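Residues per chain are reported as follows:
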Amino acid sequence: MSQLVSSPTPTASASLELMRPTTSSLISSENLLLKQKKVFEKFASVEIDGQKYMNQDDFVSAVAPGEDYKKIRKEQFGILFRIADNGKKGLISFQDFVIFENLLSKPDAEYDIAFRLFDIEGKGKITIERFKDILSSNVTPDSIPFDFDCDWLKLYVGRAPEKKHELAYEEFTQLLKGLQSERLRQEFKFYDKEGIGYITPDNFKKIILSIARHKISDYVIENLPTLCNLYAGNKISYASVVAFHNVVRQMDMVERIVHKAISESSDGKITKNDFLNTASRETRFSLFTPLEADIIFHFAGLGNPSGRLSRRDFAQLLDSKWERRTEIKPTIKTQTKEHTGVLWVVLHQIYTFFLGSIAGAVGATVVYPIDLVKTRMQNQRSKVVGELLYRNSIDCFRKVVQNEGLLGLYSGLGPQLVGVAPEKAIKLTVNDFARAQLKNKDTGAIPIYYEILSGGLAGGCQVIFTNPLEIVKIRLQIQGEVAKNVDIPRKSAINIIKDLGLFGLYRGASACLLRDIPFSGIYFTTYAHIKKDIFGEGPNKKCSISELLIAGAAAGMPAAYLTTPADVIKTRLQVEVRKGETSYSGIFDACRKIFREEGLMAFFKGGPARVFRSSPQFGTTLMVYELLQRWLPWSSSEEKVGKVISAVTDSGDLGYLKSRNALKILLDLDYKFGVVPKNVSTPT
C-alpha cells in the first residue's frame, strides 16, 4: 500500500535546485548543437543569399551515412525529408535540420513521424479517408491490396458511415501497431485460396518480406522457405506464420534472454530448454510459446544441427544494422594527443617496412619451388640447339628433384630472402602511404583510379630492389640445369654480382617496370575490393585469417597472368645467354624475336606456374602482414584524461540508427512504403 501513498513534496530550495541546469547538461546541449552544425555544413550544397540549405540528396546523405540502400531505399529515407521540410520548399535550413534532429530524439519518434506524414493538414487528427489515401498512394501496385472495409478497422473508426470518427495521435499509434498483424491475416487469407489453413513456403516468404524484410537478416531471408521442415509436411500453417511474426516483433526480448542464458552457460552455448527456462525466470508472464521457441532455434541453428547454439548462431537472425548502440553518459572526457612531425612519419614507415619484410620473407619461402619451376619454363626456348629439357611444369618439377634433390627446389633462396625483405616492404609501405594520402579524410573512401595509382606507385618503387634480386635469382635458378648438362661448377650469388657489376644488376629494369607497375595496380585494387565488397570488411568487422588468405590469393590470379608477357620478356633479358640461343637488345627486340620464332603463346610461357606462385605467395604475404598489424598495432597517439565533461557520442552512428528507427513503423506497414512508381502521385 505504501506505493500508493504520495511522497513528501520537496522544499522550495530543493525544487529550485532541480530546475537549475547543470554544467554537464549545458555542455551537452552546446556540444550537440555544434555537432549538428558540423554535419549540416558538411552536407549542405545549396547556397542562397549567403545561407546554406540542404536538398533531398544532401539530407539523405546526412541522416544515412554509408547506407547501401538495399534494405531501405533512398526514396524511403526521402520520406524523412518531407517531414523535415517545414516550408515545403524542397530545401532545409539549419533551423529545420535542428528541429528534425530534436524530433528524432523523442522516444516515440517513429510514431510521431508516421502521424505527421498522414496528418497533412496538421489538424492533429486523421480521418479514415485520409489514412486510406496516404497508405494506398505509398505502396506499390504489386502489393497485396488491403481491405479497408474489414471488421478490424471498423472497430477503430466505427461501423456506421455517418458516425465514423477521426483518430487522434494516441488512437492512431495503436492502430498502426495492430495494422501489421491484420495485414498478415489478410495476406495469408489471400494466398490460402482453398481455405485449408496452409500456404506454400514461397507464399510464406512473400508475406514475411512484405512486412518484415527490413528487420531480418539476409541469412534468414534466404532460408525462410525452410520453415516447412520444422514439422512434417511441405506447407506452412497460419499458426507458424503468426509465431514467426511474433518472434520478429519480440526480437529485442529474444536477444536479452539469449544473452542472459549464455552468460549463465559454462560453455557459452544453450539449448531450447535453457532458453525457455531463462525466459520463464526473467519475465513475469510467459512470452514465448513452444512453437515460437522452435522457430527461433530452427533459424539460428541451420548451420549448427547440434541443438546447442552460441551467441554467433543467434546473431544471424536480425539484420545487424538494427544493432543498438549505447549512448555514452556524461563522464570525464579522455583527450587524445596525436603525435605529428617528420620523426613520427619516419618511424611509422620503419614500422610498416619491418612488418612488410617479415611478411614478404614468409610468403617467398612458401612458394619458392613454384617460382623456380616458372623461371626454368620461361627460359626454355623452342628453337634452341638440342632437345627440350622439360615438357611442362610438372615434368620440370620432377626432373629438378630427380637431378638436383629437394634442395634444388630452393636454389637461390638465400639471395631471395635477403632481397625480398626490402622488395615487399617497399611495395606494402608505399601502397599504404599512397592510399592514406589519397583517400577522403572524412569518409575514408578512395576512388578506384587512386587505388590503381597507389598500387602502380608501389610496384614502380620496388624495382630498385626487385631488379637486382630477380637477375641474381634467375641466374642461380638456371645454372642448376646448365651445370647438370655441361658439368661446370656452380657460381655463388656473390660471384654473379661481381660478374654483372652495378649496371648489370639493372639489366632488364624497363621490363621489370613494365611488369611490376600494372601487377601492383591490379593486385592491390582487387585485394581491397574483395575484402570490402565480398567479405564485408569495414570499421566494425575485420576479415578472418581464411578470408585474408582467400582475398590475397584471388587477387593474385588476374594480376599474375595478365602481366606474364612482361615477365617472360624480363626473364629473357636478364638470363645469361648460352651458345646457340637468341640474344635480345631490349624490350621491343625481344617482343619481335619471341613472336617471330616462338609464336604468340610464348609470351604466356610459365603463366600457370606464375599464377600458382603469385597467388599463394601474395595471399600468404598480405595475410601475415595484416595479422602482424593487428598483433603489433602502431599508435602515434598519447591519451590523457582531461576535465572536460561530455555527454554526446559521435553523432554519426547514433543519428543513423535513429533515422532507421524513424522509418521502422512505416516499413512495418509495407517494406516498399514510399517507393512509388512515377505515374502514381502522392496526396499533398
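Note that this is a predicted model, so its numbers are computed, not measured.

S.K.: Run through the overall build of the protein chain, naming residues and quoting values.
M.R.: Tallying secondary structure elements over the protein chain gives 27 helices and ten strands in all. A buried classification covers 46% of the 684 residues belonging to the protein chain. Within the protein chain, counting contacts between residues at least 6 apart in sequence, those at least 24 apart form 74% of the total. With an accessible surface of roughly 36200 Å², the protein chain has 58% of that area assigned to carbon and sulfur atoms.

S.K.: Which residues make up the environment of Thr200, and what values do they have?
M.R.: Looking at the secondary structure, you find Thr200 in the loop between β5 (198-199) and α10 (201-212). Using a relative accessible area of 32% as the deciding quantity, one classes Thr200 as partly exposed. Sequence spacing of Thr200 and Ser237 is 37 residues, and the spatial spacing of their C-alpha atoms is 9.0 Å. A distance of 3.1 Å separates the side chain of Thr200 from the side chain of Asn203, its partner in a polar contact.

S.K.: Can you explain the nonpolar core? Please cite residues and give values.
M.R.: Judged by nonpolar contacts, the single largest core of 49 residues is most densely connected at Phe59, Phe118 and Phe131. When contributions to this core are tallied by element, the ones reaching two or more residues are α3 (56-63), α4 (74-84), α5 (94-104), α6 (109-118), α7 (128-137), α8 (151-157), α9 (169-191) and α27 (651-669). Ignoring any residue separated from it by four or fewer positions in sequence, one finds Phe118 in contact with Ile126, Arg130, Phe131, Ile134, Leu135, Phe172, Leu666, Leu669 and Phe673. Counting residues in hydrophobic clusters, the runner-up holds 42 residues, among them Ile199, Leu209, Ile221 and Leu224.

S.K.: Any details on helix α17 (residues 342-379)? Residues and values, ideally.
M.R.: The end-to-end C-alpha separation of α17 is 46 Å, well short of the 56 Å expected for 38 residues at 1.5 Å each. Roughly 60 degrees is the biggest bend found in α17, and it falls at Tyr368, with proline Pro369 one to four residues downstream.

S.K.: Before we move on, could you go through the confidence of the model for the protein chain and cite the residues and values that matter?
M.R.: Put simply, the protein chain has an average pLDDT of 79, and 82% of its residues get 70 or more. Overall, residues 1-27 carries pLDDT values under 50, and its contacts beyond four positions in sequence, including any with other chains, amount to five contacts. With pLDDT under 50 throughout, residues 677-684 is counted as low confidence; its partners more than four residues away or in other chains account for 13 contacts.

S.K.: So, the packing of α4 against α6: which residues are in play, and what are the values?
M.R.: Helix packing geometry: the angle between the two helix axes and the distance between the axes. Relative to each other, α4 and α6 sit at 70 degrees, their axes nearing to 10 Å. Between α4 and α6, the angle is such that the two are roughly perpendicular. Along the contact surface, α4 presents Ile79, Leu80, Arg82 and Ile83, while α6 presents Ile113, Arg116 and Leu117. Here the contact of α4 with α6 is composed, by residue class, of five nonpolar, no polar and two charged.

S.K.: Any chance you could break down unusual backbone geometry for me, citing the residues and the numbers?
M.R.: For Asp49, which is not glycine, the phi torsion reads 50 degrees and is therefore positive. For Asp49, a relative accessible area of 77% translates into the label exposed. Within the chain, Lys88 stands out as a residue other than glycine whose phi angle is a positive 55 degrees. Assignment of secondary structure puts Lys88 in the loop between α4 and α5.

S.K.: Which residues make up the packing of aromatic side chains, and what are the values?
M.R.: Each aromatic ring pair is described using two quantities: the centre-to-centre distance and the angle formed by the ring planes. Applying the stated criterion across every chain yields a total of 28 aromatic pairs. With centroids separated by 5.5 Å and ring planes inclined at 65 degrees, the aromatic side chains of Phe40 and Phe94 adopt a geometry described as edge-to-face. Of this pair, Phe40 sits in helix α2 (residues 23-43) while Phe94 sits in helix α5; the two residues are 54 residues apart in sequence, bridging distant segments of the chain. Take Phe40: its relative accessible area is 1%, and that puts it in the buried class. Measuring from ring centre to ring centre gives 5.0 Å for Phe519 and Phe618, while their planes differ by 45 degrees; the resulting arrangement is tilted. Taken together, the positions of Phe519 in helix α22 (residues 509-534) and Phe618 in helix α26 (residues 607-631) put the pair 99 residues apart, joining distant regions of the chain. When sorted by exposure, Phe519 lands in the same class as Phe618, which is buried. Each residue in the set Phe115, Phe118, Phe131, Phe146, Phe148, Tyr169, Phe172 and Phe673 is aromatic and connected to the rest through ring pairs, giving one cluster. We note Lys37 situated over the ring of Phe94; from NZ or CZ to the ring centre the distance is 4.5 Å.

S.K.: Report on the environment of Val575, specifying residues and quantitative values.
M.R.: Locating Val575 in the fold gives a position in the loop between α24 (564-574) and α25 (587-598). With relative accessibility at 1%, the residue Val575 sits in the buried group.

S.K.: I'd love a proper account of the side chain of Asp589, names of residues and values included.
M.R.: Within the fold, Asp589 resides in helix α25. Reaching out from Asp589, the side chain makes a polar contact with the backbone nitrogen of Ser585 at a distance of 3.0 Å. With sequence-adjacent residues up to four places away left out, Asp589 is seen in contact with Ser583 and Tyr584.

S.K.: Can you break down the environment of Arg398 residue by residue, with the values?
M.R.: Looking at the element boundaries, Arg398 is found in helix α18 (residues 393-404). Placed 25 residues apart in sequence, Arg398 and Val373 show a C-alpha to C-alpha distance of 9.8 Å.

S.K.: Mind laying out the pattern of salt bridges, listing which residues take part and the relevant values?
M.R.: Considering all chains together, one arrives at 28 salt bridges under this definition. Arg116 is the salt-bridge partner of Asp112, the closest N and O atoms lying 2.9 Å from each other. Of this pair, Asp112 and Arg116 both sit in helix α6, four residues apart, which is roughly one turn of the helix. By relative accessible area, which is 41% here, Arg116 ends up partly exposed. The residue Lys605 makes a salt bridge to Glu598 at a minimum N-O spacing of 2.9 Å. Judged by relative accessible area, which is 22%, Lys605 ranks as partly exposed. According to the relative accessible area criterion, Glu598 is buried, its value standing at 17%.

How each quantity is defined
- Residues numbered from 1 in each chain as written.
- Predicted model: local features only at pLDDT ≥ 70, side-chain atom pairs only at ≥ 80, totals over all residues.
- Heavy atoms only, no water.
- Helix = DSSP H or I, 4+ residues; strand = E, 2+ residues; numbered from the N terminus.
- Buried < 20%, exposed > 50% of the residue type's maximum accessible area, 1.4 Å probe, protein only.
- Contact = heavy atoms within 4.5 Å.
- Areas by Shrake-Rupley, 256 points an atom, 1.4 Å probe, with all protein chains shown as cover.
- Polar contact = N/O pair within 3.5 Å; in protein donor to acceptor, adjacent residues only side chain to side chain.
- Core = buried A, V, L, I, M, F, W, Y, C linked by side-chain atoms within 4.5 Å.
- Expected span 1.5 Å × (residues − 1).
- Bend = angle between axes of the 7 residues up to and from the residue.
- pLDDT = per-residue confidence, 0-100.
- Axes fitted to C-alpha atoms, helices over the stretch in contact; angles between N-to-C directions.
- Parallel < 35°, antiparallel > 145°, perpendicular 65-115°, else oblique.
- Nonpolar A, V, L, I, M, F, W, Y, C, P; charged D, E, K, R; others polar.
- Phe/Tyr/Trp six-rings, centres within 6.5 Å; stacked < 30°, edge-to-face > 60°.
- Lys NZ or Arg CZ within 6 Å of the ring centre and 35° of its normal.
- Salt bridge = Lys/Arg side-chain N within 4 Å of Asp/Glu carboxyl O.

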